[in-house]
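# Close look at the chain arrangement
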Amino acid sequence: MRPVSTAAAFAVATLGIALFSVMDAVMKGLVLAIGTYATMLWRSLVSLGLSSALYLPRRVGWPSRDTLRIHIGRGVLTTVMGVLFFWGLARVPLAQAIALAFIAPLISLYLAAVLLHEQVHRRTIAASLAAFCGVMLIFAGQAQADLGREALVGSLAILCSALCYALNIILMRRQSQAAGPVEIGFFQNITVAALMLAALPVLGAELPSAATWPWIVAAALLSTGSLMLLGWAYAHAEASYLAATEYTSFLWASLLGWLVFSEELSLFTLAGAALIVAGCIFAARPPGETSPHLEAAAS
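Numbers given to residues run from 1 along each chain, matching the order in which its sequence is written. Given that this is a predicted model, residues contribute local features only at a pLDDT of at least 70 and side-chain atom pairs are listed and counted only at 80 or more, while totals for whole chains, interfaces and linings are drawn from all residues. Side-chain measures here rest on the full set of heavy atoms in the structure, leaving out hydrogens and waters.

## Side note on the overall build of the chain
In plain terms, the rule: Helix numbering and strand numbering both begin at the N terminus, where a helix is a DSSP run of H or I of at least 4 residues and a strand a DSSP run of E of at least 2. Think of it in three bands: with a 1.4 Å probe and only protein chains considered, a residue is buried below 20% of the maximum accessible area for its type, exposed above 50%, and partly exposed in between. Here a residue-residue contact requires only that any non-hydrogen atoms of the pair lie within 4.5 Å. To measure how exposed things are, a 1.4 Å probe is used in the Shrake-Rupley method; for residues, cover is taken only from the protein chains shown.
From N to C terminus, the chain includes 13 helices and 0 strands. Counted from the first residue to the last, the chain has its helices and strands arranged as α-α-α-α-α-α-α-α-α-α-α-α-α. Residues counted as buried form 46% of the 299 residues belonging to the chain. Contacts spanning at least 24 positions in sequence make up 85% of the contacts within the chain whose residues lie at least 6 apart. Surface accessibility of the chain: about 14700 Å² in total, with carbon and sulfur atoms responsible for 68%.

## Focus on the packing of helix α1 (residues 6-34) against helix α10 (residues 213-236)
Rules: For helices, the axis comes from a line fit to the C-alpha atoms of the stretch in contact; other axes are also lines fit to C-alpha atoms, and the angle between any two N-to-C directions lies between 0 and 180 degrees. The cut-offs work like this: below 35 degrees is roughly parallel, past 145 is roughly antiparallel, 65 to 115 is roughly perpendicular, and the gaps in between are oblique. Left-handed is the label given to a crossing in which the near helix is rotated counterclockwise from the far helix by less than a right angle, and right-handed is the label when the rotation is clockwise. Lys, Arg, Asp and Glu make up the charged group, whereas Ala, Val, Leu, Ile, Met, Phe, Trp, Tyr, Cys and Pro make up the nonpolar group; the residues left over, Gly among them, are polar.
At a minimum axis separation of 8 Å, α1 and α10 run at an interaxial angle of 160 degrees. The angle between α1 and α10 places the two elements in the roughly antiparallel class. As α1 runs across α10, the sense of the crossing is left-handed. Among the residues forming the contact of α1 with α10, the class breakdown is 22 nonpolar, 5 polar and no charged.

## A word on the nonpolar core
Under the convention used in this document: Throughout this description, the term nonpolar core refers to a set of buried Ala, Val, Leu, Ile, Met, Phe, Trp, Tyr and Cys residues connected via side-chain atoms within 4.5 Å.
Counting 49 residues, the largest nonpolar core has Met 27, Phe 85, Phe 86, Phe 102 and Ile 276 as the members making the most contacts within it. Among all residues touching Phe 85, those that are not within four sequence positions of it are Asp 24, Ala 97, Ile 98, Ala 101, Ile 158 and Ser 161. Core analysis: the next-biggest nonpolar cluster, separate from the first, contains 8 residues, Ala 13, Ile 17, Leu 230 and Ala 237 among them.

## Side note on the state of the cysteines
Note on terminology: disulfide describes a covalent bond linking the sulfur atoms of two cysteines. As a reminder of what qualifies: Only a pair of cysteine sulfur atoms within 2.5 Å qualifies as a disulfide here.
Here the structure, examined in full by the defined rule, presents 0 disulfides. Residue Cys 160 stays outside any disulfide, its sulfur separated by 7.3 Å from that of Cys 164, the closest cysteine.

## A look at the pattern of salt bridges
What counts here: The term salt bridge refers to a side-chain nitrogen of Lys or Arg lying within 4 Å of a carboxyl oxygen of Asp or Glu.
Throughout the structure, instances matching the rule amount to 3 salt bridges. A salt bridge links Glu 263 to Lys 28; its shortest N-O distance comes to 2.4 Å. In this pair, Glu 263 sits in the loop between α12 (248-261) and α13 (267-284) while Lys 28 sits in helix α1, placing the two residues 235 residues apart along the sequence. When its relative accessible area of 15% is taken as the criterion, Glu 263 is described as buried. Given the relative accessible area of 4%, Lys 28 is considered buried. With a closest N to O distance of 2.9 Å, Glu 150 and Arg 91 form a salt bridge. Of this pair, Glu 150 sits in helix α7 (residues 149-178) while Arg 91 sits in the loop between α3 (65-89) and α4 (94-101), and the two are 59 residues apart along the sequence. When its relative accessible area of 43% is taken as the criterion, Glu 150 is described as partly exposed.

## Notes on the packing of α1 against α12
Between α1 and α12, the least distance of the axes is 9 Å, while the angle of their chain directions is 35 degrees. For the pair α1 and α12, the sense of crossing is right-handed. Contacts between α1 and α12 involve Thr 14, Ile 17, Ala 18, Ser 21, Val 22, Ala 25, Lys 28, Gly 29 and Leu 32 on the former and, on the latter, Thr 248, Ser 249, Trp 252, Leu 256 and Phe 261.

Below you can see the structure in the form of structure tokens.
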């Protein structure tokens with residue numbers, strides 16, 4: 001592999017996060033326009049087409065039964081996570097949703113202790129208290145702004161999605177050891193698409209209008225492009241170095257929420273996000289290390 005500077009890898013990872021943040025904004029607009037299920041259904045089918053074009057011509061064989069079980073398990077979890085997150089995203093400001101989702105890496109540390117028998121350090125407990133205070137600050141700002149019951153339920157849905165994402169982090173650790181990123185993307189997309197199609201007789205979904213299709217395709221392309229950029233970046237620099245790029249999504253969410261949806265960024269959300277991010281960084285720092293890194297978020 002040709003040597004690449006860590007600064008270049010950091011820049012590419014930051015661009016990947018930016019594309020993912022734009023995708024969140026596009027998805028929020030689609031959910032508001034055609035609903036959560038229809039948005040997830042049509043985007044999953046477009047994403048499946050893209051991932052099939054990348055994976056099928058190059059595959060050298062099908063994964064083993066054990067690997068396939070991991071693929072399907074993570075695909076099911078991703079489906080639940082996505083539905084909860086995008087349903088909640090339509091009901092709360094974009095920056096607030098991203099801030100609440102930041103708690104996932106901390107949750108993953110506790111899940112790793114339960115599922116992988118990893119040790120929970122004192123710093124993890126202290127960081128959790130800081131992050132919990134951050135979440136409470138965001139909810140306090142929501143109450144003061146009187147955003148209504150829909151916003152409250154939407155925030156709870158995003159927290160549930162964060163729990164699913166924390167489980168997703170644990171599964172990713174096992175999955176990345178068994179398969180490459182193109183294979184992972186294909187089986188994730190085919191699982192999500194299959195589950196969405198299975199729900200079609202119950203939930204129903206009309207074909208989107210001609211004006212809506214470009215946005216659905218854009219969401220799929222942005223998601224795929226982001227994953228490719230992040231995959232390249234993480235192949236050329238250490239995960240602990242690149243993990244900080246995850247938090248640039250809050251800046252993009254704040255900007256896009258203001259420009260596209262006329263959402264104001266409250267001081268409560270800003271302070272809450274700062275506490276959550278600080279808690280995650282503190283928990284991920286190995287004892288004695290001077291530079292804070294968030295290894296858990298980059299798993």
